[in-house]
Amino acid sequence: LFANLGFNTYGQREISKYRNDPMKRTKVLAEISIVRSITTFIAILILFIALFFGIFGEKYTLIIVALSIQLIAVPFDINFYYQGLENFRAIAIILKIMGLIGVFLFVKTENDTWIYALCLSISVMLSNLVLWPSVLRDCTKITFRDVELKKHIKPAIVIFLPALAVTIYSVLDKTMIGFLAVSPDYENGCYEQAYKLNSIALLLITVISPIFSSRNSYEHAMGNEDKLKNNIYLASNYVWLIGLP
């Protein structure tokens, strides 16, 4: 969460603003990638210091190391670029499905949890890397002197803070169960499955957000306020129509 620092949402918004200007679009992509590389490095450093001092306990070390590949993959995540252009690439989804197939092939017993984590992490890394060749062909050349990093930090943090607030109840709940329950692994397993069932239903509603986010940013940047209002009205109707039932 800290490594991303709100750049997925912010980056999508900024790319959609400059979709008709290849130079500015490339500049935004480069700047966000550099800043996110810095935040990722800090996050990795803190995580491995915590691992070294055994803060999480030896029981989870191997799983955390396997999952840390997803952390290393953060700077390579340029899905926001394609989402900003309203170009949702299927190839990344295919690679994640392959990761799921890997889970079914290699995870056989409860001792294979680290293999499960590794399959998921590798699929995330590959789905991020596979998008780079096409995005590099789409970009124009810029010089390092053109790069401005500071201007992106404040708006990204503004977006990051609500995400952090959500994390308090969407992640710390499981941590609290871990501290309070008599059988924390079992209780967390039951809780996680119930939570996922709820999330599947919620996905039908929240899927509209990334779709309209790029379009609304573009319409706002172009000064098309009427189209922006129509999009918001349509999205609101969709949420009520699907959400209430």
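Cut-offs used in this document
Residues numbered from 1 in each chain as written. Predicted model: local features only at pLDDT ≥ 70, side-chain atom pairs only at ≥ 80, totals over all residues. Heavy atoms only, no water. Helix = DSSP H or I, 4+ residues; strand = E, 2+ residues; numbered from the N terminus. Contact = heavy atoms within 4.5 Å. Areas by Shrake-Rupley, 256 points an atom, 1.4 Å probe, with all protein chains shown as cover. Salt bridge = Lys/Arg side-chain N within 4 Å of Asp/Glu carboxyl O. Buried < 20%, exposed > 50% of the residue type's maximum accessible area, 1.4 Å probe, protein only. Axes fitted to C-alpha atoms, helices over the stretch in contact; angles between N-to-C directions. Parallel < 35°, antiparallel > 145°, perpendicular 65-115°, else oblique. Left-handed = near helix turned anticlockwise from the far one by under 90°. Core = buried A, V, L, I, M, F, W, Y, C linked by side-chain atoms within 4.5 Å. pLDDT = per-residue confidence, 0-100. Expected span 1.5 Å × (residues − 1). Arc of directions from axis to C-beta.

### Digging into the overall build of the protein chain
And step 1. The number of helices and strands found in the protein chain is 12 helices and 0 strands.
And step 2. In sequence order, the protein chain lays out its α and β elements as α-α-α-α-α-α-α-α-α-α-α-α.
And step 3. Along the longest, intermediate and shortest principal axes, the C-alpha atoms of the protein chain span 55 × 50 × 35 Å.
And step 4. Long-range contacts, defined as pairs at least 24 residues apart, comprise 77% of the intrachain contacts of the protein chain with a sequence gap of at least 6.
And step 5. Within the structure as shown, the protein chain displays about 15,600 Å² of accessible surface, and the carbon and sulfur contribution to it stands at 70%.

### Observations regarding the pattern of salt bridges
And step 1. Applying the stated criterion across every chain, the model contains 11 salt bridges.
And step 2. Between lysine 27 and glutamate 31 there is a salt bridge whose closest N-O contact spans 2.8 Å. Residue lysine 27 and its partner glutamate 31 are located together in helix α2 (residues 22–52), separated by 4 residues, close to a single helical turn. Each member of the pair, lysine 27 together with glutamate 31, is buried.
And step 3. The partner of lysine 59 in a salt bridge is aspartate 185, with the nearest N and O atoms 2.6 Å apart. Separated by 126 residues along the polypeptide, lysine 59 in the loop between α2 and α3 (61–72) and aspartate 185 in helix α10 (residues 184–206) bring together distant segments of the chain.
And step 4. Its relative accessible area of 60% is what places lysine 59 among the exposed residues.
And step 5. Judged by its relative accessible area of 42%, aspartate 185 falls in the partly exposed class.

### Topic: the packing of helix α1 (residues 7–17) against α2
And step 1. At a minimum axis distance of 10 Å, the contact between α1 and α2 shows a crossing angle of 165 degrees. On the basis of the axis angle, α1 is roughly antiparallel to α2. Of the two possible hands of crossing, α1 and α2 adopt the one that is right-handed. Facing α1, whose interface residues are Phe7, Asn8, Tyr10, Gly11, Glu14 and Ile15, α2 presents Arg25, Val28, Leu29, Ile32, Val35 and Arg36.

### With respect to the nonpolar core
And step 1. One finds Phe7, Leu29, Ile32, Ile78, Phe80, Tyr81 and Val135 to be the most contacted residues of the largest nonpolar core, which totals 17 residues.
And step 2. At the level of elements, α1, α2, α4 (79–84) and α8 (150–170) are the ones that each hand at least two residues to this core.
And step 3. Counting residues per element, this core draws most heavily on α2, which supplies 4 residues.
And step 4. With near-sequence residues (within four places) excluded, isoleucine 32 lies in contact with Phe7, Tyr10, Gly11 and Phe80.
And step 5. Counting residues in hydrophobic clusters, the runner-up holds 7 residues, among them Ala43, Leu47, Leu51 and Ile64.

### Digging into the environment of isoleucine 64
And step 1. With respect to the helices and strands, the residue isoleucine 64 is situated in helix α3.
And step 2. As for isoleucine 64 and alanine 221, which are separated by 157 residues in sequence, their C-alpha atoms are 42 Å apart.
And step 3. Among residues more than four places away in sequence, those in contact with isoleucine 64 are Leu47, Leu51 and Phe56.

### Some details on the side chain of serine 16
And step 1. With respect to the secondary-structure elements, serine 16 resides in helix α1.
And step 2. Setting aside residues up to four positions removed in sequence, serine 16 forms contacts with Gly84, Ser214, Ser217 and Tyr218.

### So, unusual backbone geometry
And step 1. Of note in this structure, leucine 5 is not a glycine but carries a positive phi near 50 degrees.
And step 2. Assignment of secondary structure puts leucine 5 in the segment before α1.
And step 3. Using a relative accessible area of 7% as the deciding quantity, one classes leucine 5 as buried.

### Structural notes on the confidence of the model for the protein chain
And step 1. Residues at a pLDDT of 70 or more form 98% of the protein chain, whose mean pLDDT is 85.
And step 2. Element-level mean pLDDT values for the protein chain span from 77 in helix α5 (residues 90–106) up to 91 in α3.

### A closer look at the side chain of serine 68
And step 1. Relative to the helices and strands, serine 68 is located in helix α3.
And step 2. Accessibility expressed as a relative area gives 5% for serine 68, which makes it buried.
And step 3. Not counting residues up to four positions away in its chain, the partners in contact with serine 68 are Leu47 and Phe48.

### Considerations on helix α12 (residues 225–243)
And step 1. A rise of 1.5 Å per residue sets the reference length of α12, with its 19 residues, at 27 Å; its end C-alpha atoms lie 26 Å apart and thus fit the reference within 8%.
And step 2. For α12, the set of buried residues is Leu228, Asn231 and Ala235. Along α12, the residues classed as buried sweep out an arc of 60 degrees about the axis, all on the same side. In α12, those exposed residues whose orientation departs by more than 90 degrees from the buried face are Asp226, Lys229, Asn230, Tyr233, Trp240 and Leu241.

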